[in-house]
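Coordinates in review
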Amino acid sequence: MCGVTVAHDFGLIGHSDADVALHALTDAVLGAIAAGDIGHHFPPSDPRWRGADSAIFLGHAAGLVRGLGGEIANVDVTLICERPRIGPHRPAMTARVAEILGINPGRVGIKATTTEGLGFTGRGEGLAAPATATINMPNLP
């Protein structure tokens, strides 16, 4: 999660490495520059992306921002899960996301919450990760 391996009894399943947080951050960055979504840039129907490191996706989105003359002001993601506990991994996650994006770790917010046992996240069937990105685009009208 967030580009960091977290030891746990369960794993995530997806076409790529299933890093839900990096996928959410990628979509947030792409959305902030009106560049579609992760599936547009990296279709799950394309076998090249099977098992791919999600850092590739987020790095691509950051490169598009830079290519437009913009800069990522900050990003924020909330991991919604009952377990694993995120707190012990937060510093490494923050550092890794900042490294992928090429920004200061102080511009990366990583939070966690639970749903108190409710819904698919509460039952331990998966994670959710809403994310936002603020992009400075000085060259746009």
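Since we're looking at a predicted model, the values are computed, not measured.

This part takes up the pairing of strand β1 (residues 71–80). Across the 10 residues of β1, seven count as buried, placing the element largely inside the fold. Strand direction decides the pairing type here: β1 and strand β3 (residues 131–136), joined by six bridges, are antiparallel. Each residue of the ladder has a partner; that of Ile72, found in β3, is Ile135. In this structure, β1 lies alongside strand β2 (residues 108–113), joined through six bridges in parallel fashion. By the bridge assignment, Asp76 is partnered in β2 with Gly109. Traced from β1 through helix α4 (residues 90–101) to β2, the parallel crossover comes out right-handed.

Next up on the list: the packing of helix α3 (residues 54–67) against α4. Taken N-terminus to C-terminus, the directions of α3 and α4 make an angle of 45°; their axes are 8 Å apart at the nearest point. Judged by the inter-axis angle, α3 sits oblique to α4. For the pair α3 and α4, the contacting residues are Ala55, Leu58, Gly59, Ala62 and Arg66 in the first and Arg96, Val97, Ile100 and Leu101 in the second. The residue makeup of the contact of α3 with α4, split by class, is six nonpolar, one polar and two charged.

Moving on, we get to the nonpolar core. Core analysis: the biggest nonpolar cluster contains 37 residues, and Val75, Leu79, Met93 and Val97 have the highest contact counts within it. Contributing elements (two or more residues each) for this core: α1 (20–32), α3, β1, α4, β2 and β3. Here this core takes seven residues from α1, the largest share from any one element. With residues near it in sequence (within four places) discarded, Val75 still touches Leu25, Val29, Val97, Leu101, Arg107, Val108, Gly109, Thr132 and Ala133. Counting residues in hydrophobic clusters, the runner-up holds five residues, among them Ile38, Phe42, Trp49 and Phe57.

This part is about the side chain of Asp19. Checked against the element boundaries, Asp19 lands in the segment before α1. Nearest to the buried, unbridged Asp19 among oppositely charged side chains is Arg96, at 7.8 Å. Ignoring sequence-local partners within four residues, the contact set of Asp19 consists of Met1, Cys2, Gly3 and Ser54.

To describe a pair of aromatic rings, one takes the distance between the centres and the angle between the planes. Enumeration over the complete set of coordinates arrives at three aromatic pairs. A centroid spacing of 4.8 Å and a plane angle of 85° characterise the contact between Phe42 and Trp49, whose relative ring orientation is edge-to-face. For Phe42, a relative accessible area of 9% translates into the label buried. Here Trp49 falls in the buried class, since its relative accessible area comes to 15%. Ring geometry for Phe42 against Phe57: centres 4.4 Å apart, planes inclined by 40°, an arrangement best described as tilted. Of this pair, Phe42 sits in the loop between α2 (38–41) and α3 while Phe57 sits in helix α3, and the two are 15 residues apart along the sequence. Under the relative-accessibility criterion, Phe57 is labelled buried at 3%.

Conventions adopted
Residues numbered from 1 in each chain as written. Predicted model: local features only at pLDDT ≥ 70, side-chain atom pairs only at ≥ 80, totals over all residues. Heavy atoms only, no water. Buried < 20%, exposed > 50% of the residue type's maximum accessible area, 1.4 Å probe, protein only. Helix = DSSP H or I, 4+ residues; strand = E, 2+ residues; numbered from the N terminus. Pairing = 2+ DSSP bridges. Right-handed = clockwise from strand over helix to strand, strands pointing away. Axes fitted to C-alpha atoms, helices over the stretch in contact; angles between N-to-C directions. Parallel < 35°, antiparallel > 145°, perpendicular 65-115°, else oblique. Contact = heavy atoms within 4.5 Å. Nonpolar A, V, L, I, M, F, W, Y, C, P; charged D, E, K, R; others polar. Core = buried A, V, L, I, M, F, W, Y, C linked by side-chain atoms within 4.5 Å. Lys, Arg positive; Asp, Glu negative; His and termini not counted. Salt bridge = Lys/Arg side-chain N within 4 Å of Asp/Glu carboxyl O. Phe/Tyr/Trp six-rings, centres within 6.5 Å; stacked < 30°, edge-to-face > 60°.

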